[in-house]
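Topology and contacts: notes
What follows is each chain in one-letter form.
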Amino acid sequence: MIKNVLILCLLVFGINNAQNLNSSDIRNLKKCSNELKLKYWEKNWSKINSQIKSKQLVLLGECNHGSKEIFYLKNNLIKYLKENHDFQVVLFESGLAEMISYYDNDKLPVSELKTAWQSHEFKELLSYVKKNDMEVAGFDILVTGKSFKNRIDSIKGINSDIELEFKTITTALQNIKKDNSENIKKALALIGVYFSIKERIQGHTKISKLTQRGIENRVSALKSLIKYQKDKDFKGKINRRDSLMASNINWLMKYIYANQKAIVYTHNIHDSKYNENLQMMGEILKLDWKQKMFSIGSFAQSGNYVDYTGKPKIISPIKTDNKFLDLKEVISNSPYEYSYLDTTNKSNNWMHKTILINDTFIDTKNSNFMLLSENFDGLIFLKKVSPPNFIIDDF
């Protein structure tokens with residue numbers, strides 16, 4: 001009997017302490033939500049004008065790398081920023097070395113993007129940016145395609161197996177459970193080879209500068225993995241990647257796209273301005289760009305998506321048994337299928353309190369809480385998402 005009473009008390013206590021939106025919260029949410037549509041993008045984003053007008057770097061995040069509707073809305077915003085605010089550069093979270101191929105010919109480098117982005121939605125975006133003479137680059141140190149091998153091969157006297165060796169060594173060095181002393185020696189030797197290649201690149205053109213930077217990224221990736229083999233610190237490896245991505249963006253905006261406005265296409269974790277347990281790219285960039293930077297996070301309530309490898313995933317249901325409000329409940333009460341909100345709006349209390357966020361990577365501790373007004377300047381909400389339309393042929 002006593003046991004049953006205790007269980008009942010715990011259940012009541014949990015229910016009473018579970019966080020839900022009240023009627024005032026719902027009214028404010030509906031009042032402050034700006035409707036977005038997958039089509040008719042010209043009218044979607046006028047509410048953002050006052051927030052964007054003084055910005056030079058706009059970071060567009062996504063809760064996962066594989067939701068078609070998020071792609072459409074982000075693509076629409078890119079078009080709006082190009083045609084209404086003179087943004088000319090799009091920087092993708094894909095290999096800096098691989099995305100140089102954008103400048104080679106009229107071929108669209110969709111196959112050089114990360115796996116989950118090799119879709120018709122990105123083909124459409126790249127077609128738009130090329131047609132409108134926009135600039136494109138990658139900023140990741142990770143390898144996302146194969147085109148850099150051909151670029152290295154074109155340099156006279158270079159062994160064409162270098163990129164294959166790089167892939168073999170870096171794959172091996174990801175494993176910290178085995179003795180990789182021989183692969184560390186190979187990595188150090190390969191670093192010397194890459195430096196010798198860099199010295200052979202002539203000229204000061206955009207392509208030559210990007211190629212040199214791509215080689216420097218190869219060296220940075222090898223050095224990071226050598227350190228990872230020694231300290232076994234996964235968190236440190238993630239921090240180094242984000243630091244190098246931020247460094248790439250700053251380098252691109254100083255030496256390749258000086259005095260231009262840029263859009264950064266990435267994941268929420270990288271464009272967030274704050275992370276309690278990691279030092280992410282957005283937080284690093286904020287130190288340099290300050291009030292000239294603007295960060296938008298995207299979140300979905302339900303549906304299906306694919307992860308960064310292309311593996312199918314299902315978004316979990318709303319959690320109602322937690323002392324913190326679930327962001328999915330907020331999205332479920334939005335008046336629109338797709339909407340945008342300004343996080344500086346003080347009337348939406350939930351933006352300024354800790355909120356539960358699942359189905360997205362936040363940090364190495366598997367955290368699932370955020371303070372949205374601290375992380376982002378704006379939010380995109382979607383009630384339902386679905387996987388991208390993947391391109392099968394390598395075009």
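Quick look at the structure, then. Every value quoted in this text rests on a predicted model; they were computed, and no experiment measured them. (Residues numbered from 1 in each chain as written. Predicted model: local features only at pLDDT ≥ 70, side-chain atom pairs only at ≥ 80, totals over all residues. Heavy atoms only, no water.)

With respect to the element layout, Asn268 can be found in helix H11 (residues 268-271). Here the alpha-carbon distance between Asn268 and Gly297, two residues 29 residues apart in the chain, equals 5.5 Å. Once residues within four sequence positions are removed from consideration, Asn268 is found in contact with Gly61, Glu62, Cys63, Ile296, Gly297, Ser298, Phe299 and Phe376. (Helix = DSSP H or I, 4+ residues; strand = E, 2+ residues; numbered from the N terminus. Contact = heavy atoms within 4.5 Å.)

As a further point, take the sheet that holds strand E2 (residues 57-60). Within the open sheet, the eight strands sit side by side as E1-E9-E12-E6-E2-E5-E3-E4. Their pairing is mixed. A single partner strand is all that each edge strand has here, and the edge strands are strand E1 (34-35) and strand E4 (135-140). Strand direction decides the pairing type here: strand E3 (residues 89-95) and strand E5 (residues 262-265), joined by four bridges, are parallel. Residue pairing across strands places Leu91 opposite Val264, the latter belonging to E5. On top of the sheet, helix H5 (residues 120-131) reaches E3, E4 and E5; it is set at about 140° to E3, its chief contact. (Pairing = 2+ DSSP bridges. Axes fitted to C-alpha atoms, helices over the stretch in contact; angles between N-to-C directions.)

Before going further, it helps to examine the pairing of strand E9 (residues 338-342). A regular strand carries its side chains on alternate faces of the sheet. With four of five residues buried, E9 lies mostly within the body of the structure. The sheet contact formed by E1 and E9 spans two bridges and is antiparallel. Counterpart to Asn34 in the pairing with E9 is Tyr340. Sheet topology places E9 next to strand E12 (residues 378-382); five bridges connect them, and they run antiparallel. (Buried < 20%, exposed > 50% of the residue type's maximum accessible area, 1.4 Å probe, protein only.)

A separate point is the packing of aromatic side chains. Per the counting criterion, the structure on display carries 14 aromatic pairs. Considering the side-chain rings of Phe92 and Phe122, the 6.1 Å spacing of their centres and the 55° angle between planes classify their relative orientation as tilted. With Phe92 in strand E3 and Phe122 in helix H5, this residue pair connects regions lying 30 residues apart in the sequence. Summarising the burial analysis for this pair, Phe92 and Phe122 share the class buried. (Phe/Tyr/Trp six-rings, centres within 6.5 Å; stacked < 30°, edge-to-face > 60°.)

This paragraph deals with the layout of surface pockets. One simple way to see leftover space: roll a probe sized like a water molecule over the atoms. The volume enclosed by the second largest pocket comes to roughly 320 Å³. At the level of secondary structure, the elements contributing two or more residues to the lining of the second largest pocket comprise H11, strand E11 (369-370) and helix H14 (372-375). Of the residues that constitute the lining of the second largest pocket, the class distribution is eight nonpolar, nine polar and three charged. (1 Å grid on protein atoms, 1.4 Å probe; cavity = no way out; pocket = protein on both sides within 12 Å on 5 of 7 lines; lining within 4 Å. Points joined across faces, edges and corners; volume = space filled by probe spheres on them. Nonpolar A, V, L, I, M, F, W, Y, C, P; charged D, E, K, R; others polar.)

In this section: H5. The end-to-end C-alpha distance of H5, which contains 12 residues, comes to 16 Å, matching closely the 16 Å that a straight helix rising 1.5 Å per residue would cover. Within the sequence span of H5, burial applies to Glu121, Phe122, Leu125, Leu126, Tyr128 and Val129. The arc enclosing the buried residues of H5, seen along the axis, measures out at 155°, which places them on a common side. Among the structural elements, helix H4 (68-85), E3, E4 and E5 are those in contact with the buried residues of H5. Note on H5: the residue one or two positions beyond its end, Asp133, has a positive phi of about 55°. (Expected span 1.5 Å × (residues − 1). Arc of directions from axis to C-beta.)

On to the side chain of Glu163. Inspection of the secondary structure puts Glu163 in helix H7 (residues 162-173). Among all residues touching Glu163, those that are not within four sequence positions of it are Phe148, Lys149, Ile152, Tyr194 and Arg218.

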